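# Structural overview
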There are 2 protein chains.
Amino acid sequence: MPRSERETSGRQTAALFSALAHPLRREILMVLNFRGGSMSAGEIAARFACRWPTTTRHLRVLQQASLVRVEKRGRRRIYQLKVSVLHQLLGQWLSWFPQKPKGSQAKRAT
Amino acid sequence: MPRSERETSGRQTAALFSALAHPLRREILMVLNFRGGSMSAGEIAARFACRWPTTTRHLRVLQQASLVRVEKRGRRRIYQLKVSVLHQLLGQWLSWFPQKPKGSQAKRAT
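In this text, all values refer to a predicted model and were calculated from it rather than measured experimentally. (Residues numbered from 1 in each chain as written. Chains lettered and ligands numbered in written order. Predicted model: local features only at pLDDT ≥ 70, side-chain atom pairs only at ≥ 80, totals over all residues. Heavy atoms only, no water.)

## Examining the overall build of chain A
Filter applied, for reference: Helical segments are the DSSP runs of H or I of at least four residues, strand segments are the runs of E of at least two, and each set is numbered from the N terminus. Working definition: with a 1.4 Å probe on protein chains only, accessible area under 20% of the residue-type maximum means buried, over 50% means exposed, and in between means partly exposed. By definition in these notes, contact holds between two residues if any of their heavy atoms fall within 4.5 Å. The Shrake-Rupley method, run with a 1.4 Å probe, gives the accessible areas here. Residue values count only the displayed protein chains as cover.
Per the secondary structure count, chain A includes 5 helices and 3 strands. In chain A, the succession of helices and strands from N to C terminus is α-α-β-α-α-β-β-α. Burial analysis of chain A (110 residues in total) assigns 41% to the buried set. Residue pairs in contact within chain A that sit at least 24 positions apart in sequence constitute 51% of those at least 6 positions apart. With an accessible surface of roughly 6,500 Å², chain A has 51% of that area assigned to carbon and sulfur atoms.

In C-alpha cells:
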C-alpha cells in the first residue's frame, strides 16, 4: 500500500475510534439505526435530553469519521447513518487480527 | 436479555471502545498480534519508546477491557492478546447494525 494511502487509512482509523469512544455518539448511531437509518435534526434534538449544541458537536465528530452524513431537504437537515462505512472501517481494522483455529494457540514468548 | 446482563454488556462495550480509543493502545494490540500474540513485559518496554509506567497504564486498560491477559512465568510477566475476545466484542456491537442488501436503502425520514 502506498504511504499516502496508509496515512489516509491511519487517519480514518483514528477518526473512527475517536468517534466511537464517546457513549453518546454510540447512542446516536444506535438511535439512527433503530429509526431506519435517518432522522431529522429536530427528531435527534427531541430524542436527546442534552443541549442541542452538544449533540451537533457529537454529530459533527460522527460526520468527520464518515459514519454519518447530513443532507439538506428544504429547511430541514436529515442525518443519515452510513452503516456500510461502519462495517467496512471496523472490518478493515479487525482483519489485521486473524483468529487462530481452535486448539492452535501458539505460545511464542518463552 | 436480563437487565444485569445488559448492564454487563454495556460496561464491556464502554471498556472496549475506551480501550481502543487511544492510538498507543491500538499499537500495543498490533505489536502483540504481529509478534504471535504474546510478549514479555521487557519486550514490550523495549519496543515502546515512551516511559514504562505509561505503557503499563495502557496495558492495564487493555486488561480491564479483557483484550489482554497477563501471566506470570517465574519472574517474568507475559502479556497475551485475546484475539477471540476482540472479535467477539466488536462483532457483538456491530451486529446491532445490520447491513441492508444493496439497492434497498430506505429513506424513512421525510
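## Here we look at the packing of helix α5 (residues 83-94) of chain A against helix α5 (residues 83-94) of chain B
Counted only if it meets this: With axes taken as lines fitted to C-alpha atoms, and helix axes fitted only over the stretch in contact, angles between N-to-C directions fall between 0 and 180 degrees. Our angle categories are set so that under 35 degrees counts as roughly parallel, over 145 as roughly antiparallel, 65 to 115 as roughly perpendicular, and the remainder as oblique. Three categories are distinguished: nonpolar for Ala, Val, Leu, Ile, Met, Phe, Trp, Tyr, Cys and Pro, charged for Asp, Glu, Lys and Arg, and polar for the others, with Gly belonging to the last.
Where α5(A) contacts α5(B), the axes come no closer than 12 Å and their chain directions differ by 175°. One element, α5(A), and the other, α5(B), form an angle in the roughly antiparallel class. In this structure, α5(A) contributes A:Leu86, A:His87, A:Leu90, A:Trp93 and A:Leu94 to the contact, and α5(B) contributes B:Leu86, B:His87, B:Leu90, B:Trp93 and B:Leu94. In terms of residue class, the contact of α5(A) with α5(B) is built from 8 nonpolar, 2 polar and no charged.

## Section: the sheet that holds strand β2 (residues 68-73) of chain A
Residue and element names in this part refer to chain A. The condition is simple: Any two strands with at least two DSSP bridges between them are considered paired.
Within the open sheet, the 3 strands sit side by side as β1-β3-β2. Their pairing is antiparallel. The sheet is open, and its two borders are formed by β1 (38-40) and β2, each paired with just one other strand. Put simply, the sheet's adjacent strands are angled 25° from each other on average, direction ignored. Pairing of β2 with strand β3 (residues 76-81) involves 6 bridges; the strand directions are antiparallel.

## Here's the deal with the packing of helix α2 (residues 23-34) of chain A against helix α4 (residues 52-64) of chain A
Residues and elements named next belong to chain A. Where α2 meets α4, the axes come as close as 10 Å, and the angle between the chain directions of the two elements is 75°. Comparing their axes, α4 and α2 come out roughly perpendicular. Taken together, the residues of α4 that come into contact with α2 (itself represented by Leu24, Arg25, Ile28 and Leu29) are Thr55, His58, Leu59, Val61 and Leu62.

## Considerations on the relation of the copies chain A and chain B
Using the following cut-off: When the copies are superposed, the least-squares fit draws on C-alpha atoms of residues that have pLDDT of at least 70 in both.
If you rotate chain A by 180° and push it 0.0 Å along the axis, it lands on chain B with an RMSD of 0.0 Å. Considering both components of the superposition, the chain copies are consistent with a two-fold axis. Among all residues of chain A, the minimum C-alpha distance to the rotation axis is found for A:Ala21, at 2.8 Å. The share of interface residues of chain A whose copies in chain B are also at the interface is 97%, consistent with both copies meeting through the same surface.

## Overview of the interface of chain A and chain B
To be explicit about the condition: In this description, buried area is defined as the sum, over both parts, of the accessible area (probe of 1.4 Å) that is lost when the two are combined. Salt bridges, as used here, are contacts in which a Lys or Arg side-chain nitrogen is within 4 Å of a carboxyl oxygen on Asp or Glu.
The interface is formed by 38 residues belonging to chain A together with 37 residues belonging to chain B. Interface of chain A and chain B: buried area, both sides summed, is about 3,400 Å²; carbon and sulfur atoms make up 62% of it. Between chain A and chain B we count 0 salt bridges in total. Of all elements in the fold, only α1 (3-21), α2, β1, β3 and α5 of chain A reach the threshold of two or more residues within the side of chain A that touches chain B. When residues of the side of chain A that touches chain B are assigned to their parent elements, the largest contribution, 7 residues, is made by α5(A). Of the residues in the side of chain A that touches chain B, the class split is 20 nonpolar, 10 polar and 8 charged.

## Things to note about the confidence of the model for chain A
Residues and elements named next belong to chain A. Applied cut-off: pLDDT measures the predictor's confidence residue by residue and takes values from 0 up to 100.
Considering every residue of chain A, the mean pLDDT works out to 87; 84% of them sit at 70 or more. pLDDT under 50 marks residues 105-110. Its contacts with residues more than four places away, or in other chains, come to 15 contacts. Our summary of model confidence lists the complex with pTM equal to 0.85 and ipTM equal to 0.84.

## As for the sheet that holds strand β1 (residues 38-40) of chain B
Strand pairing in a sheet is mediated by backbone hydrogen bonds. Such pairs are either parallel or antiparallel. Residue and element names in this part refer to chain B. Reading across from one edge, β1-β3-β2 is the order of the 3 strands in this open sheet, with antiparallel pairing throughout. The sheet terminates laterally at β1 and β2 (68-73), the two strands that pair on one side only. The mean inter-strand angle of the sheet, taken between neighbouring strand axes irrespective of direction, is 25°.

## Things to note about α4(A)
Cut-off, in case you're wondering: Multiplying 1.5 Å by the helix residue count minus one yields the expected span of that helix.
A rise of 1.5 Å per residue sets the reference length of α4(A), with its 13 residues, at 18 Å; its end C-alpha atoms lie 18 Å apart and thus fit the reference within 8%. Of the residues trailing α4(A), A:Ser66 is marked for its positive phi of about 65°.

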